[in-house]
Amino acid sequence: MSRSTLIKIAPWGLLILLGLIWQLIVTGFNVSSYLFPSVTDVWRSLVTDWRPIAEHSLQTLYTTLVGFVLAVVFGLFLGIAVGASNLVYKAVYPLLVGFNSIPKVAFVPVLVVWFGIGTVPAIATAFLISFFPIVVNVATGLATVEPEMEDVLRSLGASRMDILKKVGLPRSLPYFFASLKVAITLAFVGSVISETVASNLGIGYLMMAASSTMNMALVFAGLIVIGAMGVVMYEIFAFVEKRMTHWAHR
């Protein structure tokens, strides 16, 4: 077996191994399904309850993507402003750090008062929790441009905007795509947090409803679906990153 083939099948092999260990622990210690369901219990729940799982998954995917797109737009422009201007950096960055330190679940009751229970608080929470990595990474990419390169470009008559467009933004692309892979997973966290508190639709709501009836197999099925959606979105952005920034990778 070649090394490349081994690398490709390694994640699946590890997943199967963890599933076997999970099944053996539950079966060997005779753990009740309402405490810790087995792999077969979770699979049975995925098959029998696929309709509600699909309905709630699509809602979570929708709110996550909308909040994520808003975070990308806002984070990109703010990151450019912070990375390109020392004045903006000094004024805005401490506020961003303080804002990011606040647990986003604390914003959910406020969002419910403003927008009511439903989709909007989930979108807003996904946005609030995912825009900070984008701002930081874009600003870092712009701030790490070598001063010597800027001096050379200025001596050749380049303006500050020319340096930003021709050097700064291309230089920050690897940082930007790296932040997207982090931000999309955080956006799922934000959506599910809001759905567990202030929604009547979505995977978070489904898991809370299932836990209230001690249907732990459905709860774990919801967790697996969230994880699978996160992995798929992560791989999509990793693929786009390789296509767009192949020059930055060996």
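What counts and what doesn't
Residues numbered from 1 in each chain as written. Predicted model: local features only at pLDDT ≥ 70, side-chain atom pairs only at ≥ 80, totals over all residues. Heavy atoms only, no water. Helix = DSSP H or I, 4+ residues; strand = E, 2+ residues; numbered from the N terminus. Buried < 20%, exposed > 50% of the residue type's maximum accessible area, 1.4 Å probe, protein only. Contact = heavy atoms within 4.5 Å. Areas by Shrake-Rupley, 256 points an atom, 1.4 Å probe, with all protein chains shown as cover. Axes fitted to C-alpha atoms, helices over the stretch in contact; angles between N-to-C directions. Left-handed = near helix turned anticlockwise from the far one by under 90°. Nonpolar A, V, L, I, M, F, W, Y, C, P; charged D, E, K, R; others polar. Core = buried A, V, L, I, M, F, W, Y, C linked by side-chain atoms within 4.5 Å. Parallel < 35°, antiparallel > 145°, perpendicular 65-115°, else oblique. UniProt positions renumbered as here; feature names shortened; annotations may be inferred. Expected span 1.5 Å × (residues − 1). Bend = angle between axes of the 7 residues up to and from the residue. Salt bridge = Lys/Arg side-chain N within 4 Å of Asp/Glu carboxyl O.

**Q** It is not clear to me how the overall build of the protein should be interpreted in this structure. Could you clarify?
**A** Tallying secondary structure elements over the protein gives 10 helices and 0 strands in all. Mapped from its N terminus to its C terminus, the protein presents α and β elements in the order α-α-α-α-α-α-α-α-α-α. Relative to its full complement of 250 residues, the protein shows a buried share of 36%. Long-range pairs, those at least 24 residues apart, make up 75% of the contacts in the protein between residues at least 6 apart in sequence. Counting only carbon and sulfur atoms, one obtains 72% of the accessible surface of the protein, whose full area is about 14500 Å².

**Q** Whenever I open this one, the packing of helix α3 (residues 50–84) against helix α6 (residues 119–143) confuses me. Can you help?
**A** When two helices pack together, their arrangement is given by the angle between their axes and by how far apart the axes lie. Running from N to C, α3 and α6 cross one another at 35°; their axes reach a closest spacing of 6 Å. Along this stretch, α3 crosses α6, giving a crossing that reads as right-handed. Of the residues in the contact of α3 with α6, the class split is 23 nonpolar, 9 polar and no charged.

**Q** Before we go on, may I ask you to explain the nonpolar core in this structure?
**A** Among the nonpolar cores identified, the biggest contains 43 residues, and F68, I134, F176 and L180 are the most heavily contacted of them. When residues of this core are traced back to their parent elements, those giving at least two are α3, α6, α8 (160–198), α9 (203–212) and α10 (216–244). Considering every element that reaches this core, the biggest residue donor is α6, with 12 residues.

**Q** Help me understand the packing of α3 against α10 in this model?
**A** Where α3 meets α10, the axes come as close as 11 Å, and the angle between the chain directions of the two elements is 40°. Here α10 runs oblique to α3, going by the angle between their axes. The interaxial crossing formed by α3 with α10 has right-handed handedness. Where α3 abuts α10, its residues I53, S57, T60, L61, L65 and F68 lie against L218, A221, V225, M229, M233 and F237.

**Q** Mind showing me how you'd approach the side chain of S57 here?
**A** Note on placement: S57 falls in helix α3. Overall, the relative accessible area of 9% leaves S57 in the buried class. Once residues within four sequence positions are removed from consideration, S57 is found in contact with I203, V225 and M229.

**Q** What am I meant to see in the UniProt feature "transmembrane region" (unreviewed entry) in the protein here?
**A** In this structure's numbering, the residues bearing the UniProt feature "transmembrane region" (unreviewed entry) are residues 12–36, 61–84, 91–117, 123–145, 173–194 and 214–240. Annotated as 68% helix and 0% strand, the span residues 12–36 places its first and last C-alpha atoms 23 Å apart. Secondary structure content for residues 61–84 is 100% helix and 0% strand, and the end C-alpha separation is 33 Å.

**Q** How should helix α1 (residues 3–28) be read in this particular structure?
**A** Owing to its 3.6 residues per turn, the α-helix brings residues three or four apart onto one side. Between the first and last C-alpha of α1 there are 35 Å, a value that for 26 residues agrees with the 38 Å anticipated at 1.5 Å per step. Of all the bends in α1, the greatest, near 40°, is centred on I9, and the proline P11 appears no more than four residues after it.

**Q** I'm lost on the environment of S172 in this one. Help?
**A** As for its position among the elements, S172 is in helix α8. Expressed as a C-alpha distance, the spacing of S172 and V138, which sit 34 residues apart in the sequence, is 5.7 Å. Every residue in contact with S172, bar those within four places of it in the chain, is listed here: V138, G141 and L142.

**Q** Sorry, what's going on with the pattern of salt bridges here?
**A** It is possible for side chains bearing opposite charge to pair when their charged atoms get close. A complete count under the given rule lists 2 salt bridges for this structure. Note that E241 is salt-bridged to K181, the shortest N-O span being 2.8 Å. Of this pair, E241 sits in helix α10 while K181 is found in helix α8, placing the two residues 60 residues apart along the sequence. There is no split in this pair, since E241 and K181 are both buried.

**Q** Help me understand unusual backbone geometry in this model?
**A** Most peptide bonds adopt trans geometry, and most residues besides glycine take a negative phi value. In the Ramachandran plot, N30 falls in the positive-phi region, its phi being about 55° despite a non-glycine side chain. Judged by relative accessible area, which is 66%, N30 ranks as exposed. For M214, which is not a glycine, the phi torsion comes out positive at approximately 60°. Looking at the secondary structure, you find M214 in the loop between α9 and α10. For M214, a relative accessible area of 45% gives the class partly exposed.

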